[in-house]
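Now for the letters of each chain:
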Amino acid sequence: MLTVHHLRRSQSERIVWLCEELGLPYELVCHNRNATDLLAPPAYKALHPMGIAPVIVDGDLVLGESGAIVEYILGTYGPGALARRGSDPDFAPYLYWLHFANGTLQATMGRYLVVHRLQLPPEQPVAAATRKRLDLVLSHVDARCARVPYLAGARFTAADIMSVFSLTTMRTFAPVDLAPYPHVRAYLQERIGPREAYRRAMRKGDPAMEPMLS
Ligand SMILES: N[C@@H](CCC(=O)N[C@@H](CS)C(=O)NCC(=O)O)C(=O)O
């Protein structure tokens, strides 16, 4: 059986959510971050050479990297409903938003986290450039959410599963006010939050944490 190693408050929530959306049988192993440095604990580090979340184990396979895991699960177990393929008009936007999630959105949030942790003043050039990039990225997502219900288009896909962490749980580490992005907020509150599989995944992953949807 597929085992999902979930590091609490991390990108591995995407994989728990994906399994719940697909209704897959899977074993969920939850790990807490170290209290001191908030990194993954030694047991998590031992799972994979990178030691970062997510990691899945499927028979002899140990796989890391959210995007690879999502593609692997969809390709191996997914009935196809959460991906878009070549002849589908949503194929190109699906690919774009699936890859934008880690390539640009999460990367920018990560950069913003560093600036936040270093407590750089807003006028410091790197801090100012990072804030500008973050606004560009969030405005881009906001414009997309204003036009279509889900990132790939009319239907919910794995592109949403890849993106939501950066707009929600990531903000517990790097606070970002979503008030200037009302369509992102509507997307989170009206379309993602009510999804039973999302709520179940979040509850199973960390019953003590309320999803940050606003
Ligand atoms: N690009 C990777 C990023 C993985 C990553 O940075 N995970 C963080 C959690 S969000 C982590 O494991 N941090 C704990 C640590 O570095 O020890 C992916 O999507 O899988």
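Residues numbered from 1 in each chain as written. Predicted model: local features only at pLDDT ≥ 70, side-chain atom pairs only at ≥ 80, totals over all residues. Heavy atoms only, no water.

## Focus on the packing of aromatic side chains
The full count for this structure, using the stated rule, is seven aromatic pairs. Arranged with centres 5.0 Å apart and planes meeting at 65°, the rings of Trp97 and Phe100 form a pair that is edge-to-face. In this pair, Trp97 and Phe100 are both assigned in helix 4 (residues 91-117), three residues apart and thus about one turn of the helix distant. Comparing Trp97 with Phe100 shows no difference in burial state: the two are buried. When the centroid spacing of 5.9 Å and the interplanar angle of 85° are considered together, the rings of Tyr150 and Phe156 count as edge-to-face. Positioned above the aromatic ring of Phe156 is the side chain of Arg195, whose terminal nitrogen or guanidinium carbon lies 3.6 Å from the ring centre. (Phe/Tyr/Trp six-rings, centres within 6.5 Å; stacked < 30°, edge-to-face > 60°. Helix = DSSP H or I, 4+ residues; strand = E, 2+ residues; numbered from the N terminus. Buried < 20%, exposed > 50% of the residue type's maximum accessible area, 1.4 Å probe, protein only. Lys NZ or Arg CZ within 6 Å of the ring centre and 35° of its normal.)

## Side note on unusual backbone geometry
The linkage connecting Ala53 with the following residue, Pro54, adopts the cis geometry, with an omega of 5°. The backbone of Arg9 shows a phi angle near 55°, a positive value even though the residue is not glycine. Here Arg9 lies in the loop between strand 1 (2-7) and helix 1 (13-22). Even without a glycine there, the phi angle at Glu65 is positive, about 75°. Here Glu65 is to be found in the loop between strand 4 (61-64) and helix 3 (66-76).

## So, the site of the ligand
Taken together, 14 residues are adjacent to the ligand, and Ala40, Lys45, Ala53, Glu65 and Ser66 come closest. Note that an oxygen atom of the ligand is positioned 2.8 Å from one of the backbone N or O atoms of Ala40. Within the side chain of Lys45, an N or O atom sits 2.6 Å from an oxygen atom of the ligand. When the free accessible area of the ligand is taken as 520 Å², the share hidden by the protein chains comes to 81%. Tallied by class, the residues present in the shell around the ligand amount to six nonpolar, four polar and four charged. (Near = heavy atom within 4 Å. Polar contact = N/O pair within 3.5 Å; in protein donor to acceptor, adjacent residues only side chain to side chain. Areas by Shrake-Rupley, 256 points an atom, 1.4 Å probe, with all protein chains shown as cover. Nonpolar A, V, L, I, M, F, W, Y, C, P; charged D, E, K, R; others polar.)

## Observations concerning the packing of helix 1 against helix 8 (residues 196-205)
Helix-helix packing is described using two parameters, namely the angle between the two axes and the distance between the axes. Running from amino to carboxyl end, helix 1 crosses helix 8 at an angle of 135°, the nearest separation of the two axes being 8 Å. Here helix 1 is positioned oblique relative to helix 8, judged by the angle of their axes. Note that helix 1 runs across helix 8; the crossing there is right-handed. Of helix 8, the residues touching helix 1 (which contributes Glu13, Val16, Trp17, Glu20 and Glu21) are Ala197, Tyr198, Arg200, Ala201, Met202 and Lys204. (Axes fitted to C-alpha atoms, helices over the stretch in contact; angles between N-to-C directions. Parallel < 35°, antiparallel > 145°, perpendicular 65-115°, else oblique. Left-handed = near helix turned anticlockwise from the far one by under 90°. Contact = heavy atoms within 4.5 Å.)

## Things to note about the pairing of strand 2 (residues 26-31)
Pairing analysis gives six bridges linking strand 1 to strand 2, with the strands arranged parallel. Paired with Leu7 across the two strands is His31, which belongs to strand 2. Each parallel crossover has a hand, and for strand 1 linked through helix 1 to strand 2 it is right-handed. (Pairing = 2+ DSSP bridges. Right-handed = clockwise from strand over helix to strand, strands pointing away.)

## Structural notes on helix 6 (residues 158-167)
A large share of helix 6 lies buried, amounting to ten of its ten residues. Residues Ala158, Ala159, Asp160, Ile161, Met162, Ser163, Val164, Phe165, Ser166 and Leu167 constitute the buried set of helix 6. Packing partners of the buried residues in helix 6 comprise helix 1, helix 3, helix 4, helix 5 (125-147), helix 7 (182-192) and helix 8. By the N-cap criterion, in which a side-chain oxygen at the helix start approaches the backbone nitrogen of a residue two or three places on, helix 6 is capped by Thr157, the distance to Ala159 being 3.0 Å.

## A closer look at the environment of Ser66
Note that Ser66 resides in helix 3. C-alpha of Ser66 to C-alpha of Ile56: the two residues are ten residues apart in sequence and 9.6 Å apart in space. The contact partners of Ser66, leaving out residues within four places of it in the chain, are Gln11, Arg14, Ile15, Pro54, Asn102 and Met162. Of the polar contacts made by the side chain of Ser66, one reaches the side chain of Arg14; its length is 2.9 Å.

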